[in-house]
Amino acid sequence: MYISFWLPGLVLTAALVIKLPSILKLWRDPLLRAVGGLLLFACAVFAFAAPATISWTNRVTGVPNIAAPLVYSLITALSASWLLLVVHWRNGHTDRREQTRRATRWVVCVYAAVVVALWVLFALADVPVEQVRNLDTYYASTPFMREEILLYLLAHTVACTITTRLVWNWIRTDGLDAWLRWGLRFLGIGYATNLLFSAAKLTAVVARWTGHDLDWLNANIAPSAACIAATFVAIGFIVPHAGQYFHDRWLTRRQHRGLKPLARLLRPVAGGREPLALRATAELRLLRRETYIRDALLQLSRFLDENLRGRAHDAALALGHEPGRAQALAAAVTILEAVESGRHAPDDDGGGNTGEADTSYLLQEIQALSEVLRHPDEITAVRTRATVPAESMSTHE
């Protein structure tokens with residue numbers, strides 16, 4: 001059980017670290033502040049609710065069970081942060097700002113009053129025997145402590161029920177980003193599992209009132225449910241950011257690899273390989289490869305045959321390719337001819353062309369152009385059909 005309290009704390013801390021830069025950068029955003037408060041209170045709950053920390057708190061202060069109102073207060077603050085999150089998430093960027101402010105004041109005032117009541121009730125209660133794991137059931141019938149236990153569980157259950165319902169409603173909203181939808185699913189599972197925490201504790205407390213012993217629900221099921229719930233909530237905050245980050249990195253690396261055939265084809269024009277930077281970021285490597293290709297295409301522009309490109313485009317369409325594919329195949333045929341012309345042409349020879357050809361279409365479609373270079377059979381078929389004289393083609397057909 002000791003490990004189970006610290007593992008969700010570590011996951012929550014990771015979520016807080018991931019969110020912290022954007023929270024600090026956009027501190028004026030109430031939604032981000034709510035997220036930061038939620039993760040901070042969640043980390044604090046699992047830090048102070050660990051049995052070792054409970055014993056340490058009681059020993060350092062010299063007050064038996066003083067850790068109880070402290071943990072209850074943190075759980076109550078965490079419950080309030082759930083509500084604040086959904087309030088700002090739902091209304092923060094709409095014209096309902098006044099409604100959002102009223103709801104925020106209501107949540108803060110009510111849950112602050114609950115925290116104050118928890119400490120007052122603890123001061124009035126007689127709890128001399130230290131309980132690290134079963135305090136809720138051990139003092140379930142003790143005056144004032146009984147009310148304190150019910151109060152924090154009620155505040156937790158209400159907040160969890162409202163948050164769970166709203167989150168699952170948002171999951172069904174149209175137009176959500178896929179990563180955000182998955183994050184909401186994990187949040188919904190986490191908040192729903194938190195209801196099991198309250199249900200287990202309330203059942204154990206009521207069992208004590210009726211003379212039954214279901215302390216195992218309080219000592220084992222409730223903490224396990226809280227740990228599972230916290231882990232899902234943390235994952236819910238991590239998934240949208242981590243998922244988008246790795247998705248963007250994957251796309252960048254895919255684009256970098258996709259340009260490799262074109263970069264290899266243009267080496268004779270550029271006069272060597274592209275600059276190698278092993279420690280550069282994926283974005284920088286992609287930028288360097290794109291720059292390398294565009295510079296080479298500009299150097300190759302005086303050898304491009306626009307008439308050939310037109311014939312190749314018509315040939316690709318005649319072979320049944322779609323217009324976008326036909327345009328890429330035509331560009332590939334033109335570049336292959338230009339590279340071969342550039343190898344054999346004298347330095348002062350323009351390859352038979354007057355002036356430089358317009359390469360804007362090539363510079364904009366380098367990904368599609370590089371992709372068709374992976375299909376030499378298609379290029380060969382288009383190139384053969386485009387270079388056959390029109391009379392020969394008519395006679396052949």
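Everything that follows concerns the structure shown earlier in this document.
Reference entry: report on the structure contained in this document. (Residues numbered from 1 in each chain as written. Predicted model: local features only at pLDDT ≥ 70, side-chain atom pairs only at ≥ 80, totals over all residues. Heavy atoms only, no water.)

What to know about the packing of helix 7 (residues 145–171) against helix 8 (residues 178–209)
So, step 1. Where helix 7 contacts helix 8, the two axes come as close as 9 Å, and the packing angle between them is 155°. Between helix 7 and helix 8, the angle is such that the two are roughly antiparallel. Pair helix 7 / helix 8 crosses with left-handed handedness.
So, step 2. Tallied by class, the residues present in the contact of helix 7 with helix 8 amount to 19 nonpolar, eight polar and four charged. (Axes fitted to C-alpha atoms, helices over the stretch in contact; angles between N-to-C directions. Helix = DSSP H or I, 4+ residues; strand = E, 2+ residues; numbered from the N terminus. Parallel < 35°, antiparallel > 145°, perpendicular 65-115°, else oblique. Left-handed = near helix turned anticlockwise from the far one by under 90°. Nonpolar A, V, L, I, M, F, W, Y, C, P; charged D, E, K, R; others polar.)

So, the packing of aromatic side chains
So, step 1. All chains considered together, the criterion is met by five aromatic pairs.
So, step 2. With a centroid separation of 5.2 Å and 70° between ring planes, the pair formed by Trp82 and Tyr191 is classed as edge-to-face. Placement of Trp82 in helix 4 (residues 67–91) and of Tyr191 in helix 8 is noted, with a sequence separation of 109 residues between them. The pair Trp82 / Tyr191 is uniform in exposure class, with both members buried.
So, step 3. Note on Trp182 and Phe186: the rings are 6.4 Å apart at their centroids and 40° apart in plane angle, and the pair reads as tilted. Of this pair, Trp182 and Phe186 are both found in helix 8, four residues apart, which corresponds to roughly one turn of the helix. (Phe/Tyr/Trp six-rings, centres within 6.5 Å; stacked < 30°, edge-to-face > 60°. Buried < 20%, exposed > 50% of the residue type's maximum accessible area, 1.4 Å probe, protein only.)

Topic: the nonpolar core
So, step 1. Counting residues in each nonpolar core, the largest one holds 68 residues, and the members touching the most others are Leu38, Met145, Tyr191 and Phe237.
So, step 2. Of all the secondary structure elements, the ones that give two or more residues to this core are helix 1 (2–25), helix 2 (30–49), helix 4, helix 5 (97–124), helix 7, helix 8 and helix 9 (215–258).
So, step 3. If we skip the residues at most four places from it in the chain, Tyr191 touches Leu38, Trp82, Leu85, Cys160, Thr163, Thr164, Val167 and Val233.
So, step 4. Residues Leu266, Tyr292, Ala332 and Val382 belong to the second largest nonpolar core, which totals 37 residues. (Core = buried A, V, L, I, M, F, W, Y, C linked by side-chain atoms within 4.5 Å. Contact = heavy atoms within 4.5 Å.)

What to know about the pattern of salt bridges
So, step 1. Under the criterion given, the structure shown has ten salt bridges.
So, step 2. As a salt-bridge pair, Arg294 and Glu290 come within 3.9 Å of each other at their nearest N and O atoms. One end of the pair is Arg294 and the other is Glu290, both in helix 12 (residues 282–300) and four residues apart, which spans about a single turn.
So, step 3. The exposure class of Arg294 is partly exposed, given its relative accessible area of 29%.
So, step 4. A salt bridge links Arg325 to Glu371; the shortest N-O distance between them is 2.5 Å. Of this pair, Arg325 sits in helix 14 (residues 323–344) while Glu371 sits in helix 16 (residues 366–372), and the two are 46 residues apart along the sequence. (Salt bridge = Lys/Arg side-chain N within 4 Å of Asp/Glu carboxyl O.)

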